[in-house]
Each structure stands twice: as structure tokens, then as C-alpha cells.
Amino acid sequence: MDVFLEQIAVAFQWSNLLFLLLGTLIGIFIGAIPGLTVIMAIALAVPITAYLPLAPSLGLLFGIYCSGMYGGSISAILINTPGTPASVCTTFDGYPLAKQGKAGKALKMALFSSFIGGLISVVLLVVIAQYLSKVALLFGPAEMTALLFFALTIIGVLSGKNLLKGFLAASLGLLLSVVGSDPTFAVPRFTFGLLDLDEGFSFIPTLIGFFAISEFLSEAEDKSSDIKQKEYLDISAEKDNSRLNRKDITSSLKAIFWSGTLGSFVGILPGIGATVAGFLGYGEAQRISKNPEKFGKGAIEGVAAVGSATNAVTGSALIPLLSLNIPGDTVTAILYGALLMQGIQTGPLIFKTHIDAVYLIYIILTLANIFMLITAFSLMPLFRKIAEIPKKVIFPVVFIFCVIGSYSIRNNIFDLYVMLGAGVIGYILRRYGIPLAPLIIGYILGLPFEASLQQTLASSDGNLMIFIQKPIALRFLILSFI
Amino acid sequence: MKNLGIFFFIFSLIFLFLLIPKIGSDVQTFKILDVDYNTDKAKLFPYLIGVTILVITILIIIQDLRKKVKIQATNSSAINSQKIKDVGILFVISLIYIVLFEPLGFFIMTPVCLVIFSWFFGLRKWFGLVVVPILITTFVYLCFEILMKVQLPKGILEWMFF
């Protein structure tokens with residue numbers, strides 16, 4: 001207990017709080033700009049932490065991590081472009097709400113739910129971390145395959161009326177994922193001799209292309225429609241539409257807690273990450289909602305579910321890292337490196353050798369969520385300024401940020417062609433009414449799905465009965481068909 | 001939708017019978033610890049996807065035939081030639097920006113491109129056409145190059161930075 005109190009005192013030192021605030025501001029800013037990812041920001045911040053003690057380092061990194069997750073929903077709501085991959089689902093209802101003049105309401109709900117999701121995650125990390133990590137340890141390739149199959153079936157929920165279009169889009173996403181070396185034997189596939197394609201399409205440029213560039217090209221069709229935009233901006237100026245009332249909160253509480261819990265669990269499983277958590281949280285919120293038909297048209301519950309699910313990953317992703325030395329996602333892999341630079345080796349022994357660092361992580365992660373809530377709420381009037389910028393000014397600027405964001409991932413001009421190509425394909429698919437979200441789900445899940453499937457088949461000598469014999473896998477499969 | 005169904009039907013056939021069989025054809029040696037591996041396993045997942053797309057497109061075509069939907073794409077009828085032309089112009093400007101991004105450099109291409117895009121979208125105010133491009137270029141430079149240490153291409157202005 002003394003150690004815990006000591007670490008609280010350390011965390012509350014002015015210099016440490018200042019770095020936490022700095023991280024929070026960077027996180028919101030980075031998250032809000034399409035193409036700039038939390039991963040990139042944290043990766044760039046890690047070298048800085050080499051010159052700092054543990055507490056300010058954690059403040060900077062967790063500040064970026066937590067607020068970056070929320071920051072992604074800002075541009076998703078205001079300009080229909082997810083700032084981070086995890087906030088893709090926020091566009092489904094956030095942007096329609098903004099169009100209805102309820103951008104403020106959507107932003108506040110995203111913030112509130114992100115805060116709650118983050119706290120749920122911290123509670124899980126502190127209280128039942130070890131228990132949940134034991135459950136996740138039971139997941140072999142068969143269970144993972146079944147889980148990913150379950151995630152893919154969520155497409156049916158997401159694609160709305162026409163399942164075939166949704167499944168076609170998801171299949172096209174899976175198709176994109178097979179470009180590059182295969183996950184088991186590294187055999188190059190569909191690279192056409194291009195070295196740049198050996199690792200497949202770079203994820204961020206592809207995502208930016210499908211979501212931002214296709215929107216940018218669509219904008220050319222509506223370039224004379226500024227009158228329409230002005231109308232919804234006028235409505236957004238009305239205070240009543242922006243206020244988050246008790247009814248909104250109570251109607252979304254179930255979605256927030258359920259999606260938050262789901263997101264926390266997803267966070268524990270290595271390799272799944274916040275994007276899948278967001279999709280699962282959204283799909284489940286729609287399933288349990290009393291008004292599922294409102295989803296995709298501006299349901300506040302949809303915004304709440306995604307915010308909660310994605311931020312719920314932040315704490316729980318640390319569970320396998322701290323207790324098993326397995327990073328849950330890319331961000332925690334970078335955090336592993338940052339902790340190592342501080343002389344802290346993660347794994348089961350950390351609870352004995354560096355219990356002070358573990359407590360500091362708990363405390364600073366909680367503070368990061370509180371800072372996110374206060375800072376983002378204070379800065380919200382500035383977010384809304386973005387919506388007031390005319391489209392003819394904002395879209396050229398968005399394009400530049402997309403290009404720079406895509407380029408900065410690998411400093412590779414090829415990624416810009418991938419981005420533009422994805423944009424054109426995305427634009428054509430939009431014209432034919434093919435939803436882009438299932439395509440992205442398929443694209444994200446393709447590689448882990450194939451790897452798990454190959455591992456499962458290898459371990460069972462090609463016998464598919466393994467999915468029936470494993471109870472957890474069977475449960476996921478049954479859940480998929482329900 | 002029917003056009004799209006037929007397009008992806010043909011695409012899936014090409015994918016299944018022309019593209020997938022070529023996987024691993026250029027892999028010369030594939031032997032690990034005296035065990036020979038073939039590249040067939042790398043074809044399994046693409047085959048599954050190809051067959052899935054084939055089945056879906058057949059279902060889409062059947063669905064369209066049952067509904068007796070006229071051969072026209074959803075929403076596509078609404079696109080007139082002017083709109084297609086506008087999208088084409090925007091695509092060409094974007095492509096030119098990307099092609100010249102490295103040779104001419106970020107500092108020349110970005111403000112020029114911002115002015116062209118803004119003009120294209122109908123902006124005619126001097127503030128938006130002059131000040132905003134300069135501000136955005138400076139802001140991006142400070143954020144990425146200075147703060148985040150991302151090396152932006154300097155192009156023909158490379159000499160100014162040494």
C-alpha cells in the first residue's frame with residue numbers, strides 16, 4: 001500500500017502532469033487528422049522518452065494512446081473521415097448526426113463513452129487482469145479462427161439490407177489482404193514482381209484511399225452543393241441539438257457498458273486490436289438496441305458503442321503485455337520497447353520486481369482518461385470550428401493531409417499510388433452501392449484469419465472437425481450463425 | 001448491380017483459373033531442414049476467397065434476374081457526363097500532385113496544388129487562395145518535418161536545406 005501511495009505522489013508531480021497534458025493534446029490532434037495514427041505518434045514519441053524518467057514517459061505515451069483513440073472520432077463525426085482505423089464505425093452514425101446538426105452531441109457522447117470505456121478497461125486491468133489473461137491463454141489457432149470468423153459475420157449486421165453486397169465487399173477485402181507474402185511460408189502472391197507489394201498493401205494508405213480519397217472524388221460531383229452544407233451547419237449552431245441530455249445517456253448506457261466490456265475482452269486477445277473492437281462493439285450495440293433500424297442513420301448509441309469499445313482496448317491490451325510479455329497490439333508492442341528502455345522487463349516477474357512501475361501504469365492510465373475527458377471537453381468549441389470551414393477550403397487541405405499522412409508511414413511514393421488507387425476503387429464501389437466498411441473488415445482480418453486457419457489445419461492434419469471438438473471455437477461458430 | 005455482378009463473375013473466373021495457379025511459380029527453392037514444401041498451401045486461402053466471390057456474384061446475378069431489375073447500376077444513372085468529367089479532372093490533378101511530389105518537392109507542389117484544388121471547388125477569395133495554402137504548407141512542415149521528424153521530399157529545393 002505504501003508503494004501505491006508513493007506512486008500516486010509521483011504521478012501527481014507537476015512535471016509529470018505536464019507531460020500527460022502534452023500527450024493528451026498531441027493524441028487529440030493526431031487522432032483527429034486522417035492518416036496520422038496513434039501508432040505513428042507513439043512510435044515517434046518513444047525516442048523522446050529515452051531522455052525522460054518513467055513517470056513523464058508513461059504520461060506522454062498513455063496521453064497520446066488514450067486521447068488518440070478518442071481523437072479519431074472527431075474527424076469521423078465532423079468530416080466523415082476516420083482519424084484512426086479504430087474510429088471507422090464512428091462515421092456510420094457520427095457523420096449522419098453531424099449532418100442533422102448534432103455534431104456537438106455526437107462529439108460529447110464519443111468523449112463520454114470513450115472515458116467510460118477507458119475506465120472499464122483500467123478496472124479490468126487492475127482487478128481481473130490475471131484471470132482474463134488465463135482465459136485468453138486457452139485460445140489456440142482453432143479458437144482464434146472461429147473468433148475471426150465470428151467477427152467477419154458481423155458484416156451481415158453492418159451491411160444493412162443487402163447481405164450479398166456486404167459479403168461481396170468483405171470478400172474483396174479478404175482478396176486485398178492476400179496480396180503480398182503468405183503468412184505461413186512467405187510465398188509471394190499477386191505481387192507482379194513489385195518489391196513494394198511484398199508486404200502487401202500498406203494499411204494506412206489503403207484505408208485513407210477508401211475512406212478519404214473516395215469521399216474527396218465524390219465531392220467533385222457535389223462541388224456546387226455548398227448550400228446543402230450551409231443548411232446543416234446553421235442547424236448545428238442551435239444549442240439544443242448539441243446538448244447531451246439525460247435521455248441520450250440513459251439510452252446509451254447499456255451499449256456503452258456492453259461494448260466497453262466486449263472491447264476490453266478483445267483488447268486482451270493478442271493481435272485483434274481496437275479496430276475490430278470498434279466493429280464488434282458497434283455490431284453488438286445494434287443487436288441489443290431497441291431501435292436497430294436507426295443505426296447508420298444517426299443513432300447516438302452507435303457513436304457511444306464505438307467510443308467505448310475502442311477506448312476499452314487501451315488498458316486491457318496491457319494485460320497480456322504485463323502478465324505474459326505478449327503485446328496485445330502494435331501500440332503495446334511499442335510500449336514494450338519504451339518500458340524496456342526504462343529498464344523494465346514486462347512479463348510475470350514484473351509484479352515482483354517492478355511493482356512500483358505496475359502501480360504507476362495503473363495510476364497514469366486512469367489519469368490519462370481523466371485528462372482526455374477534461375481537455376477534449378475544454379477544446380470542443382475548437383473542434384466545431386472545423387465544421388464551419390467551407391468544404392471548398394477543407395477538402396483540398398484534407399487531401400494534402402491524406403497524402404502527407406500516407407507518405408510519412410514509410411516515406412514511400414508507392415504508398416501514394418496505393419492510396420489513390422484505393423480511392424478510385426472506393427469511389428466506384430460507392431457508386432454501385434457497395435459498402436466500404438465490410439471491405440475494410442475483410443482486409444484487416446484477412447491475414448490473421450488465414451494464419452489461424454493454416455495453423456489449425458496444420459495441427460489437425462486438415463481435419464475440420466477440430467472446430468467442433470474445441471468448445472470455445474464451437475461457441476464462437478454457433479454465435480456466428482445466430 | 002447486374003453489370004457489377006457480371007464484372008465480378010468474370011473477375012473471379014480469371015482470379016481462380018489464371019492468377020492463383022501462378023502463385024509460387026517463380027519460387028526457385030523451397031526446402032527447409034531437408035523437408036520439401038510446396039506452395040499449394042499458399043493457394044488455399046485465395047481459392048477459398050475466389051470461390052466465395054464466384055458464389056456471391058452468381059447469387060447477385062440470380063437476385064437481379066428474379067427482381068427483373070433493368071440493367072443499370074445503382075445511382076449510376078444519376079451521374080451525368082459533367083459530373084464524371086469533374087471527377088476525372090480531380091483525379092488527374094491528384095495524380096499529377098503525386099507524380100511530381102518527389103521531383104518538384106513538397107514545398108512547391110503543396111501550395112500550388114492547394115490553390116488549384118480550391119479554385120476547382122469554387123473558392124474565389126484571395127485569403128483562401130493565397131494565405132491558406134501558405135499557412136497549411138508551413139503548418140505541415142512544422143508538424144511533420146520539425147516536430148515529428150518525417151522527411152518530406154524537397155525536390156528541386158533540396159539545396160536550400162543544406
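The rules behind each value
Residues numbered from 1 in each chain as written. Chains lettered and ligands numbered in written order. Predicted model: local features only at pLDDT ≥ 70, side-chain atom pairs only at ≥ 80, totals over all residues. Heavy atoms only, no water. Helix = DSSP H or I, 4+ residues; strand = E, 2+ residues; numbered from the N terminus. Areas by Shrake-Rupley, 256 points an atom, 1.4 Å probe, with all protein chains shown as cover. Buried < 20%, exposed > 50% of the residue type's maximum accessible area, 1.4 Å probe, protein only. Contact = heavy atoms within 4.5 Å. pLDDT = per-residue confidence, 0-100. Axes fitted to C-alpha atoms, helices over the stretch in contact; angles between N-to-C directions. Parallel < 35°, antiparallel > 145°, perpendicular 65-115°, else oblique. Nonpolar A, V, L, I, M, F, W, Y, C, P; charged D, E, K, R; others polar. Salt bridge = Lys/Arg side-chain N within 4 Å of Asp/Glu carboxyl O. Core = buried A, V, L, I, M, F, W, Y, C linked by side-chain atoms within 4.5 Å. Buried area = accessible area lost by both parts, 1.4 Å probe. Polar contact = N/O pair within 3.5 Å; in protein donor to acceptor, adjacent residues only side chain to side chain. Left-handed = near helix turned anticlockwise from the far one by under 90°.

As for the overall build of chain A
Moving on, step 1. Regarding its fold elements, chain A presents 24 helices and two strands.
Moving on, step 2. Here chain A has roughly 17,900 Å² of accessible surface; of this, 67% comes from carbon and sulfur atoms.

As for the overall build of chain B
Moving on, step 1. A tally of regular secondary structure across chain B gives five helices and two strands.
Moving on, step 2. Helices (α) and strands (β) of chain B occur, in sequence order from the N terminus, as α-β-β-α-α-α-α.
Moving on, step 3. For chain B, the proportion of its 162 residues judged to be buried stands at 40%.
Moving on, step 4. Look at the contacts in chain B between residues 6 or more apart in sequence, and 62% of them connect residues 24 or more apart.
Moving on, step 5. Counting only carbon and sulfur atoms, one obtains 70% of the accessible surface of chain B, whose full area is about 9,700 Å².

Thoughts on the confidence of the model for chain A
All names here are of chain A.
Moving on, step 1. Confidence in the prediction for chain A averages 79 pLDDT; 84% of positions are at 70 or higher.
Moving on, step 2. Averaged over each element, pLDDT in chain A is lowest for helix α11 (residues 226-236) (42) and highest for helix α21 (residues 413-431) (91).
Moving on, step 3. Below pLDDT 50 for its whole length, residues 226-238 participates in 20 contacts with residues either more than four positions away or in separate chains.

Digging into the packing of α21(A) against helix α3 (residues 81-101) of chain B
Moving on, step 1. For the pair α21(A) and α3(B), the least separation of the axes is 9 Å and the interaxial angle reads 170°. In terms of their interaxial angle, α21(A) and α3(B) are classed as roughly antiparallel. Seen from α21(A), the contacting residues are A:Ile413, A:Leu416, A:Tyr417, A:Met419, A:Leu420, A:Val424 and A:Tyr427; seen from α3(B), they are B:Val87, B:Phe91, B:Ser94, B:Leu95, B:Ile98, B:Val99 and B:Phe101.
Moving on, step 2. Within the contact of α21(A) with α3(B), the residues separate by chemical class into 13 nonpolar, one polar and no charged.

So, the pattern of salt bridges
Residue and element names in this part refer to chain A.
Moving on, step 1. A full pass over the atoms with the stated rule returns three salt bridges over all chains.
Moving on, step 2. Its salt-bridge partner being Glu450, residue Arg189 comes within 2.7 Å of it at the nearest N-O pair. Here the residue Arg189 occupies a position in strand β2 (residues 188-189), and Glu450 occupies one in helix α22 (residues 436-459), the gap between them amounting to 261 residues.
Moving on, step 3. For Glu450, a relative accessible area of 1% translates into the label buried.

Remarks on the nonpolar core
Moving on, step 1. Among the nonpolar cores identified, the biggest contains 124 residues, and A:Ile42, A:Phe62 and A:Tyr65 are the most heavily contacted of them.
Moving on, step 2. Considering every element that reaches this core, the biggest residue donor is helix α19 (residues 355-388) of chain A, with eleven residues.
Moving on, step 3. If sequence neighbours within four positions are ignored, A:Ile42 has contacts with A:Leu61, A:Ile64, A:Tyr65, A:Val331 and A:Ile334.
Moving on, step 4. In this structure, A:Leu420, B:Phe101, B:Met109 and B:Phe121 belong to the second largest nonpolar core, which totals 49 residues.

Observations concerning the interface of chain A and chain B
Moving on, step 1. If you look at the interface, chain A gives 59 residues, while chain B gives 64 residues.
Moving on, step 2. When the two sides are added together, the surface that chain A and chain B hide from each other amounts to roughly 5,800 Å², 82% of it contributed by carbon and sulfur.
Moving on, step 3. Linking chain A with chain B are three residue pairs in polar contact (both at pLDDT 80 or more).
Moving on, step 4. Those elements that provide at least two residues to the side of chain A that touches chain B are α2 (14-32), α3 (38-49), α9 (163-177), β2, α10 (203-221), α20 (391-410), α21 and α22 of chain A.
Moving on, step 5. Looking at the side of chain A that touches chain B, its residues break down into 43 nonpolar, six polar and ten charged.

Observations regarding the side chain of A:Asn412
Residue and element names in this part refer to chain A.
Moving on, step 1. Position of Asn412 among the secondary structure elements: in the loop between α20 and α21.
Moving on, step 2. On the basis of relative accessibility, which here comes to 17%, the residue Asn412 falls in the buried class.
Moving on, step 3. A polar atom in the side chain of Asn412 sits 2.9 Å from the backbone nitrogen of Phe414.
Moving on, step 4. Residues in contact with Asn412, not counting those within four places in the same chain, are Asp196 and Tyr407.

Focus on the packing of helix α5 (residues 88-99) of chain A against helix α15 (residues 300-316) of chain A
Residues and elements named next belong to chain A.
Moving on, step 1. At a closest axis distance of 8 Å, the pairing of α5 and α15 adopts a crossing angle of 145°. Seen from above, α5 lies across α15 with left-handed handedness. On α15, the residues touching Cys89, Thr90, Asp93, Gly94 and Leu97 of α5 are Ile300, Gly302, Val303 and Val306.
Moving on, step 2. Residue composition of the contact of α5 with α15, by class: five nonpolar, three polar and one charged.

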